[in-house]
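Each chain, written out:
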Amino acid sequence: MSGPVFLVIRVLLALALYAFLGWALWTLWQDLRRQSSQVTARQAPPITLVFEKEGEKRSIRFTTPVVLIGRDPASDCYLEDQTISAHHTRLSYHHGHWWVEDLRSTNGTYLNLEPVTEPLVLTSGDQLRCGQVGFQIILNDNEPSAEESSLPTS
């Protein structure tokens with residue numbers, strides 16, 4: 001009689017073990033799906049560059065995590081100015097901040113009148129200068145529009 005009882009206990013323990021393993025795998029799968037959706041939902045916040053071209057203020061809004069500024073027509077922010085290098089400046093969003101980096105341009109990149117020699121964090125209202133072209137940085141939609149904002153003077 002003890003043989004059939006031990007067999008039933010063994011089967012019940014095996015079923016409990018498989019049920020536990022199934023529950024653990026299902027929980028891990030759900031957590032992986034939740035984290036995956038959170039990572040894909042993270043996007044770079046918009047960045048707006050306000051500058052003066054042909055006597056009027058213009059603004060360009062970017063929603064991509066990397067913005068290349070340069071004289072190369074393939075640049076995200078194409079500027080036809082002789083003081084701008086083909087690949088002048090990179091704006092990139094990572095670690096929760098927008099960063100500016102000079103791409104070894106001939107005439108340099110300046111943030112708030114200081115030369116950019118290493119990647120620096122941008123804040124809304126910063127003044128960026130690439131060659132002789134000045135930009136105002138706007139990091140959220142609640143900032144003044146291009147008509148209301150002031151640009152740096154040369």
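Residues numbered from 1 in each chain as written. Predicted model: local features only at pLDDT ≥ 70, side-chain atom pairs only at ≥ 80, totals over all residues. Heavy atoms only, no water.

**Regarding the sheet that holds strand β2 (residues 56-62)**
As a reminder, the rule being used: For two strands to be treated as a pair, DSSP must find at least two bridges joining them. Put simply, DSSP marks the helices as runs of H or I at least four residues long and the strands as runs of E at least two long, and each gets a number from the N terminus on.
Strand order in this open sheet of six strands is β2-β1-β11-β10-β7-β8, and the pairing throughout is antiparallel. Pairing within the sheet leaves two strands with one partner each, and these edge strands are β2 and β8 (114-115). Two elements, strand β10 (residues 127-130) and strand β11 (residues 133-138), share four bridges in a ladder whose sense is antiparallel. Residue pairing for β11: arginine 129 is matched across the bridge by glycine 134.

**Here's the deal with the sheet that holds strand β5 (residues 89-94)**
On the basis of which strands lie adjacent, the open sheet formed by five strands has the order β4-β3-β5-β6-β9 and mixed pairing. Lying at the two open borders of the sheet, with one neighbouring strand each, are β4 (77-78) and β9 (120-121). Of the pairings in the sheet, the one linking strand β3 (residues 66-70) to β4 comprises two bridges and is parallel in character. Pairing of glycine 70 across the sheet is with tyrosine 78, part of β4.

**Here's the deal with the packing of aromatic side chains**
We describe a pair of aromatic rings using the distance from one ring centre to the other and the angle between the two ring planes. Spelled out, the test is: The aromatic pairing rule takes the rings of Phe, Tyr and Trp, using the six-membered ring of Trp, and pairs them if the centres are within 6.5 Å, calling planes under 30 degrees apart stacked, those over 60 edge-to-face and the rest tilted.
Tallied over the full model, the rule gives three aromatic pairs. For the ring pair phenylalanine 20 and tryptophan 23, a centre distance of 6.0 Å and an interplane angle of 35° mean the geometry is tilted. Here tryptophan 23 and phenylalanine 20 lie together in helix α1 (residues 2-41), a separation of three residues that amounts to about one turn.

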